[in-house]
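Listed below are the residues making up each chain.
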Amino acid sequence: MFFGLESAQVVVFCCTLQASNVRRKILADVSTVLQSASAPPVDAIFYFAEADISVSHRHKIAQEVRVEHDLRLEIIDGNSIAEMLSEPELLWIAREYLNVSTELVNGMHESSPVGRVLSMGSVIVRSLFELDPIRDLGVHPPMQLDEWVGITPYIRRSVDGELDSLLSQGSGFVVLEGNSASGKTRTAYEALARSVEVDGERAIVVAKDGIFLRALISAGFRLENTVVWLDDLEKFIGADGLDEGLVRLLSGNGVLFLATLRSAAKGAMASATAGAPGRSLSSISKAVMANATRFRIDRTLNEKEIRAVGRQRSDRRISMALDKARHAGLAEFLAAGPAALERWRDGQDGASEVGAALVSAAIDFRRAGYFSPIPQEWIEATFGAYLDPRIATRVDPVQLSDAISWATEPLHGASSCLEVAGDRLFSPFDYLVDYIQEEEADENRISRNGPVRILKKIPDVIWHEIQERISFDDPSYMSCVATSSLSFHPGLLMRYEVLVEKGVMAPGSMHDPGVLLNFVRSCIEASLCIPCHVSTLKLDMKAVLKALVDEFDTISKDVHARPTESQIVAVNGFYSLAEDEANLTDLDSSIHEAASHFSPDKWGEVGKFLMEIGAPVEGRLWVLFGEAQKGCPVRWPVSLRKNRGFIIPSPRVPEDTDEP
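The structure contained in this document is the topic of the report that follows.

Rules used throughout
Residues numbered from 1 in each chain as written. Predicted model: local features only at pLDDT ≥ 70, side-chain atom pairs only at ≥ 80, totals over all residues. Heavy atoms only, no water. Pairing = 2+ DSSP bridges. Helix = DSSP H or I, 4+ residues; strand = E, 2+ residues; numbered from the N terminus. Expected span 1.5 Å × (residues − 1). Buried < 20%, exposed > 50% of the residue type's maximum accessible area, 1.4 Å probe, protein only. Contact = heavy atoms within 4.5 Å. Axes fitted to C-alpha atoms, helices over the stretch in contact; angles between N-to-C directions. Salt bridge = Lys/Arg side-chain N within 4 Å of Asp/Glu carboxyl O.

Strand direction decides the pairing type here: strand β3 (residues 44–49) and strand β4 (residues 72–76), joined by five bridges, are parallel. By the bridge assignment, alanine 44 is partnered in β4 with arginine 72.

Next up, the structure:
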C-alpha cells in the first residue's frame, strides 16, 4: 500500500493477489491503514484486487467500512482492471507490462462474424457483475455528495416480488413502464441481480439499438440462456431491429427480454409510422408489446415503499431526497431532475442564456417528434430563436462552446440538462421534456376560453430545420411527419405524400390505429375540428372511429381501475366530436356515413359512459345518434351551449303574453 495526496485529501492505494477470503483481507488492510501512527488522517482508500468480486459484494464491503470507520472505500476487482486494460487508450499497458501479444489484442476481434460485430463496441456481452449499472445499463447516476459517492442503496418497490417470480421462469418479455426518473432501470437491474444470486449467472446482451442487436443475431450469436437488456425500448423496435417474430422465436429458446419504457416514449411509439413498406412502427410496437408482461413504476412511493426507504437514511442523499423532494419523486430527485429544471430556468434568467437556449431547442426538437439524438448542427442553427436578437447575433464560437459545456455539465454528478449521445449528438434530459409537456397540457386544460395550441409554441425555425435536414430513412422521420401534419408547418407531410405517390413510403402508414389516436389527441390539444382535419389530410373517418371504438372497448368496468393514456384519448375524442352537435345531427356529416359500418348499440354505450362521467349533453347526443343509426325517429334536443349568455328580463312584457 502507499499514501497519496489528491488536492487536500489523503488517499491510500492498496492491492492484493489473495484469491480467497478477500473480504476479510480487505477489512484487515483497512484497519492496518487507519491504525498506522505515522500516517495522516485518511479520506479515502482505493483497493485493487486480482480476484473477481461481484458488484453487490463490493458495495457491501464498502458499506461496512463506511458505517464502521466513516471512510470512503473504492474496490477495483480483477474484472474491472481487465476492462480498463481493454480500453483502446490503455492497451499499451497490457502490451508493455503484461506481455499481451499485439496479435491477440488486434486480431482476435476479426476472427469471426460475431467477433466483428462485438468489436464495433455497440454490443457488449458479459455477466451481470461485469457490467456497470450506470455506464453500461443506463441507471441514472445519482448525485455525488462529499463522501456519498457511487450508487445509492436500493429501495425495494412493491412490484419486486412479482418481478422476481417472473424472472425466475428464465424466459419471456418483461417491460417496466413509467415516467422519466421513476426508477424503472434501477428496479430492473436489482431484479436481475437478485435472480442471478438465486438462479446463477447468465450472459447479459446490451446493444446500442435494435439494428446492432439484429446484426449480432444475424452474425450467428446464439442467445440461449441469455438476458437481452433493452433500456429505452423505443430504440430497439423496428423492421430492422426487434419485432414480434424475433421475440417469439427467441423467448422459446430460454431468452429473457428485460426492457424499460418511458410513458412519453410509449405514446411516441404509438404515433411513429416509419417502418417496412406496408407496415408502420406503431403496428410493430403494438405487436411486440402484446407479448410483454408489463409493470408500472410510479415516481411517487407508496406507504410500504416509504417505510422501506426510511431505513436507508444513513445515505445522506436519500435523507435529502426524503426531506426535500416535494413534487418530485425520490428517484428523480436522486437523478437530479429538479436540479436540472432549476439550472435550465436559471440559465434563462441570466446564468447562461445561450446554454439555456441550446437546451430549449433540443426540447422542442423532441416535442416536434424527433426522438433520435439531435445533431449539434441542428441545435446551433435554431437556438437563436430562444434569445433576444441582440444577444443571438453576437454569439461567437467561444461562447457557444462554453454554453455547450454549461448545458452538458452533470448536476451533482448525475444527469445534465443536455446529455451527450454521441459525437456532436445530444439529447435533452427526458425529465425536462416530460415537465414541459405536462405543464402545457395543464395550462391547456385550464384555459377553456382560449386553449393553448401546444404545437404552435414550437418556433418556426425548428419545423424548417427538420424539413430541410431530415432524411426519409431517419428512424424519427414518420413521427415528425405525424406531428407536422397537425402543426402549422405541413411541408414535411407534403414531401411524405410525394414519397407515397412514388412508392417509396407505405401508403397506409397514416391509417395505423396508434397514429390515428395520436392524431385525435393532437386535434383536441390544438382545438382543431376532427372531421375537418380528417378531410384536409384525406384520412378515413371510418378508421378514426374504429381506433376510438377499439380503445374505448378496452376500458375496464372496475371503477377503481386507472385508465390508460390511450383510453383517455378515446373518451376525449368522443366528447370532442359531440361538442359540435352538427357532427352528429347533420345527416350529411362524414361521421354519419362512417358510423354506418358499426353497431348502433356501440354509440349508445359511448353515450351512457359519457353521462356517467359527467358529460350529460354530449352523452345524450351519442345515445340519440345511436337511435338515429337504427332508423328510429329522433327529436334532437337544443344544446344548452346555444343558450349561454345573459337573460335580461323586460318588465314591459306581461307574464301571460305569447310574444317572444
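If you check helix α31 (residues 600–612), its first and last C-alpha atoms are 19 Å apart, about what 13 residues at 1.5 Å a residue would give, namely 18 Å. Buried within α31 are the following residues: Lys602, Trp603, Gly604, Val606, Gly607 and Leu610. After α31 finishes, the residue glycine 614 shows a positive phi value of roughly 100°.

The next subject is the sheet that holds strand β13 (residues 425–428). The strand order β11-β13-β12 describes an open sheet built from three strands, whose pairing is antiparallel. Only two strands of the sheet have a single neighbouring strand rather than two, namely β11 (374–375) and β12 (418–422). Where β12 and β13 come together, four bridges link them in antiparallel fashion. In the strand pairing of β13, glutamate 419 is matched with serine 427. Sitting on the sheet, helix α17 (residues 353–367) is in contact with β11, β12 and β13, with an inclination near 80° to β13.

The subject of this paragraph is the pattern of salt bridges. As enumerated under the stated definition, the model contains 22 salt bridges in all. A salt bridge links aspartate 136 to arginine 126; its shortest N-O distance comes to 3.9 Å. Of the two residues, aspartate 136 is situated in the loop between β5 (123–127) and α7 (160–167) and arginine 126 in strand β5; the sequence distance between them amounts to 10 residues. Assessed through its relative accessible area of 15%, aspartate 136 is described here as buried. Notably, a salt bridge pairs lysine 546 with aspartate 550, separated by 2.7 Å at the nearest N-O pair. Separated by four residues within a single helix, lysine 546 and aspartate 550 lie in helix α27 (residues 541–552), roughly one turn from each other. Taking the relative accessible area as the measure of exposure, lysine 546 reaches 45% and is therefore partly exposed. Several salt bridges converge on common partners, so that one network encompasses Asp160, Asp164 and Arg194.

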